[in-house]
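# Chain and residue survey
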Amino acid sequence: MTMTISGQRYIDDAIVAAKRVDQDYTVTVSPEFGYDGQSFRVVLDGHHSLAAAKLDGVVPEYVTA
């Protein structure tokens, strides 16, 4: 299982609401990498789309950069 890491500290509720209305769940992530026997990827763009997807119970569309 790959863990997705987001370093975004502030999420604007208005942007998340707009993403939910538009059903924009596209999240750009780094290529997967391993560390200490685990698999990771980092959110590069789409933090608000990721939050919208979580609220809507939808699997985000991950695009690898």
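Residues numbered from 1 in each chain as written. Predicted model: local features only at pLDDT ≥ 70, side-chain atom pairs only at ≥ 80, totals over all residues. Heavy atoms only, no water.

## Quick look at the pairing of strand S4 (residues 38–45)
Rules: By definition, two strands form a pair when at least two bridges between them are found by DSSP. Numbering goes from the N terminus for both helices and strands, where a helix is a DSSP run of H or I of at least four residues and a strand is a run of E of at least two.
In terms of strand pairing, strand S1 (residues 2–5) meets S4 through four bridges, oriented parallel. Each bridged residue has a counterpart across the sheet, and for Thr2 the counterpart in S4 is Ser39. The sheet contact formed by strand S2 (residues 26–29) and S4 spans two bridges and is antiparallel. Opposite Thr28, over in S4, you have Asp45 as the bridge partner.

## Notes on the pattern of salt bridges
Inclusion rule: The working definition used for a salt bridge is a side-chain nitrogen of Lys or Arg within 4 Å of a carboxyl oxygen of Asp or Glu. When a residue's accessible area, from a 1.4 Å probe over protein chains only, is under 20% of the maximum for its type it is buried; when over 50% it is exposed; and in between it is partly exposed.
Applying the stated criterion to the full structure yields two salt bridges. Note that Lys19 and Asp24 form a salt bridge whose closest N and O atoms lie 3.0 Å from each other. We classify Lys19 as partly exposed; its relative accessible area is 23%. Take Asp24: its relative accessible area is 25%, and that puts it in the partly exposed class. Arg20 is the salt-bridge partner of Asp56, the closest N and O atoms lying 2.6 Å from each other. Here Asp56 is found in helix H2 (residues 47–56), whereas its partner Arg20 is found in helix H1 (residues 13–22), with 36 residues between them in sequence. Judged by its relative accessible area of 29%, Asp56 is partly exposed. Classification of Arg20 by relative accessible area gives partly exposed; the value is 34%.

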